[in-house]
Amino acid sequence: MSLHQLTAHALLEQFKARQASPQDAYEAVAGRIKALDGKIKAYVRLASQKHKFDHPGAFPIPIGLKDNLCIKGEEVTCSSRILKGFRAPYDAHVVEKIRNSGGVILGGLNMDEFAFGSSCETSCYGPTFNPWNLQCVPGGSSGGSAASVAADEAVWALGSDTGGSIRQPAAFCGIVGLKPTYGRVSRYGLIAFASSLDQIGPLTKDVTDCALLLNIIAGYDERDSTSINLAVPDYTKSLINDVRGLKIGIPTEAFVDGLDPQVRAAVEESLNLFKKLGAVVKEVSLPHTPYAVATYYIVATAEASSNLARFDGVRYGLRVKPQNLRRNALIDLYEETRSAGFGDEAKRRIMLGTYALSSGYYDAYYLRGQKVRTLIKNDLEQVFKTCDVIATPTAPTVAFRVGEKLSDPISMYLSDIYTIPANLAGIPAISVPCGFSKSGLPIGLQLMGKALDEGTILRAAYTYEQNNPWHTKKPNL
Ligand code: GLN
């Protein structure tokens, strides 16, 4: 295998044995980006600052970062016109952590505008394409992150996950993606979408890399008030090929209409394998999960409408100077900047969210949404009294075609049905590759765990991976 194809842990072995240097690895990946990214379009920009290869950090691994993470001095846009030209005044906490570990920052990765979407098509830069089939979407919103790793244009990447944006693109691109427990990773320097749901997490070529990257980014940070002040375990200690006695719950509600039979078959087969490997697999019920999508699209849009109010042409990015005075100079500036700066999906979410929060409707929508959110969280807590892990498909289908769902937002929203509950409840969840469709598109298995128990889902995912060939497959590019 060439250097750009290797996992981070394989590269680290090569560095140790002096078979390759971090600079060799960087050059291999940079060459790959140059050769291939015209087709995949995972990157929206390459880092302008040259990396110095004299850092003592233990992880000099080339990494790509979603375009909503601040890298000091670099442009960061959330793939939105409204932030064009905005340069980050400081490093995000995770970026500091990557730098301290010796990480080599490759550049910013494409995403749905402000992370609103499941296909990476709402980006102002245009779509990213799925490395397994260039006519298909890579998933979203961290589509650039997933596609870059699957296409070997990054060794690993960071994304953010508000309702599935790490796990679903990981599933669509045949890689591993993990959303940590809410509060496990600081969001300082992540441009907010929905503050009660957002988490940053790794997208990697295998589960070992996932544990390594989580080790680097997890931990307390006083600059994020939701950050959890508890010691971080060494997640590589959970890479144990053994699930004997592990209790895995399968929600009956997960096998609903609209689940692609090929996805169902692949997930059922993985559950059979878990049984063979000694896990106890049993049916459980999450009665309120059918309301998860509706709840999420109230809570998430409400928080987004509030977070996005700051983008008005005054302080950040785009400013449209009104040609004629219509109301008053300031209102005209806000209006014209926001009209020109936001794309259709962002406008839709701002309107939905503003409506859900508006006086007279707040009780009927936002408050009720918060109550149903608690019911969904309680369902999960109930099941975790008797189970260690809950397994579902990551997404109801494999990657769909570019353009297929763009004009039908509801069908796009429904594709988040399996990933949203973990965000509403704040619990960790991982997606691991679990097979391919007849058309050669990857399928993902989702494993959810108890709050702060990333270790157990990593162990289950690692065991699954060690007993399957899926993570070794590469798209033919
Ligand atoms: N697809 C979901 C949405 O459109 C989730 C996005 C995310 O996790 N950022 O909101």
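Structure shown above.
Cut-offs used in this document
Residues numbered from 1 in each chain as written. Predicted model: local features only at pLDDT ≥ 70, side-chain atom pairs only at ≥ 80, totals over all residues. Heavy atoms only, no water. 1 Å grid on protein atoms, 1.4 Å probe; cavity = no way out; pocket = protein on both sides within 12 Å on 5 of 7 lines; lining within 4 Å. Points joined across faces, edges and corners; volume = space filled by probe spheres on them. Nonpolar A, V, L, I, M, F, W, Y, C, P; charged D, E, K, R; others polar. Helix = DSSP H or I, 4+ residues; strand = E, 2+ residues; numbered from the N terminus. Expected span 1.5 Å × (residues − 1). Buried < 20%, exposed > 50% of the residue type's maximum accessible area, 1.4 Å probe, protein only. Contact = heavy atoms within 4.5 Å. Near = heavy atom within 4 Å. Polar contact = N/O pair within 3.5 Å; in protein donor to acceptor, adjacent residues only side chain to side chain. Areas by Shrake-Rupley, 256 points an atom, 1.4 Å probe, with all protein chains shown as cover. Sits in = over half its atoms within 2 Å of the grid points. Pairing = 2+ DSSP bridges. Axes fitted to C-alpha atoms, helices over the stretch in contact; angles between N-to-C directions.

Undergrad: Teacher, can you tell me more about empty space enclosed by the protein here?
TA: Any empty space left between atoms is shown by rolling a water-sized probe over those atoms. Within the structure shown, the criterion is met by four cavities of 30 Å³ or more. There is about 70 Å³ of room inside the largest cavity. Every residue lining the largest cavity is counted, 14 residues in all, and those nearest its centre are Ala115, Gly117, Ser165, Tyr296 and Asp416. Class assignment for the residues of the lining of the largest cavity results in five nonpolar, seven polar and two charged. Considering only enclosed or pocket space, the second largest cavity measures out at about 60 Å³ in volume. Forming the boundary of the second largest cavity are 13 residues, of which Arg45, Ile71, Glu74, Glu75 and Gly108 lie nearest the centre. Looking at the lining of the second largest cavity, the elements with two or more residues in it are strand E1 (43-46), strand E2 (62-66) and strand E3 (104-109).

Undergrad: How should I be thinking about helix H11 (residues 363-383) in this particular structure?
TA: One turn of an α-helix holds 3.6 residues; hence residues three or four places apart share an orientation. With 21 residues, H11 should reach 30 Å at 1.5 Å per residue; the first-to-last C-alpha distance of 29 Å fits that figure. What H11 keeps buried is the set Tyr366, Gly369, Val372, Arg373, Ile376, Asp379, Leu380 and Val383. Residues of H11 that are buried make contact with strand E8 (280-284), helix H8 (292-307), helix H10 (344-357), strand E9 (389-393), helix H13 (420-425) and strand E11 (442-449).

Undergrad: Teacher, can you tell me more about the site of the ligand here?
TA: Surveying the vicinity of the ligand reveals 15 residues, the closest of which are Thr162, Gly163, Ser165, Tyr296 and Arg349. Within the side chain of Ser141, an N or O atom sits 3.4 Å from a nitrogen atom of the ligand. Measuring from an oxygen atom of the ligand, one finds a side-chain N or O atom of Ser165 at 2.6 Å. Protein contact buries 100% of the 290 Å² of open area that the ligand shows by itself. Because more than half of its atoms lie within 2 Å of the grid, the ligand is assigned to the largest cavity. Tallied by class, residues from the shell around the ligand come to five nonpolar, seven polar and three charged.

Undergrad: Honestly, the sheet that holds strand E5 (residues 176-179) in this entry has me stumped. Any pointers?
TA: Pairing between sheet strands relies on hydrogen bonds along the backbone, with the strands arranged either parallel or antiparallel. A sheet is described by the order of its strands in space; here eleven strands give the open sequence E1-E3-E2-E4-E6-E5-E10-E11-E9-E7-E8, paired in mixed fashion. The strands lining the two open edges of the sheet, one partner per strand, are E1 and E8. Within the sheet, the average angular offset between the axes of one strand and its neighbour, ignoring direction, is 30 degrees. Judged from the six bridges that link them, strand E10 (residues 429-436) and E11 form a sheet pairing that is antiparallel. Within E11, the residue paired with Ala429 across the bridge is Met448. The strands that helix H2 (residues 22-40) touches are E1, E2 and E3; relative to E3, the one it contacts most, it runs at about 20 degrees.

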